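# Fold and contact review
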Amino acid sequence: MIFRQLAIATVLLASGVALAGCGNTIRGMGKDTANAVDATQAAGRDVDNAAK
């Protein structure tokens, strides 16, 4: 009985840690994507300004 409760608690703790790690990774990917879009737009403006 105690072993089963300990096993469930361990699985829940490991799942929580894994999900927290995934959340941070997804948030980081969102920031990276936003930075890439900003850089692409800035490069486009630079090309447009150079063509004028």
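This text follows the structure it describes.
Residues numbered from 1 in each chain as written. Predicted model: local features only at pLDDT ≥ 70, side-chain atom pairs only at ≥ 80, totals over all residues. Heavy atoms only, no water.

The secondary structure content of the chain amounts to 1 helix and 0 strands. Against the globule reference of 10 Å for 52 residues, the chain gives a C-alpha radius of gyration of 23 Å, more extended than a compact globule. Taking the principal axes of the C-alpha coordinates as reference, the chain spans close to 75 × 5 × 5 Å. For the chain, the residues scored as buried account for 0% of the 52 residues in total. For the chain, the accessible area works out to roughly 4600 Å², and carbon and sulfur atoms hold 69% of it. Seen as two clouds, the 5 positive and the 4 negative side-chain charges of the chain have centres 16 Å apart. (Helix = DSSP H or I, 4+ residues; strand = E, 2+ residues; numbered from the N terminus. Rg over C-alpha atoms; globule rule 2.2 N^0.38 Å. Buried < 20%, exposed > 50% of the residue type's maximum accessible area, 1.4 Å probe, protein only. Areas by Shrake-Rupley, 256 points an atom, 1.4 Å probe, with all protein chains shown as cover. Lys, Arg positive; Asp, Glu negative; His and termini not counted. Charge placed at Lys NZ, Arg CZ, Asp CG, Glu CD.)

A few words on the environment of Ala-9. Among the structural elements, Ala-9 can be located in helix 1 (residues 2-51). Separated by 21 residues in sequence, Ala-9 and Gly-30 have C-alpha atoms that sit 32 Å apart.

Structurally, Met-29 can be placed in helix 1. Overall, the relative accessible area of 52% leaves Met-29 in the exposed class. Sequence separation of Met-29 and Asp-46 is 17 residues, and the distance between their C-alpha atoms is 26 Å.

Purely geometric stuff here, so don't read any function into it on its own.
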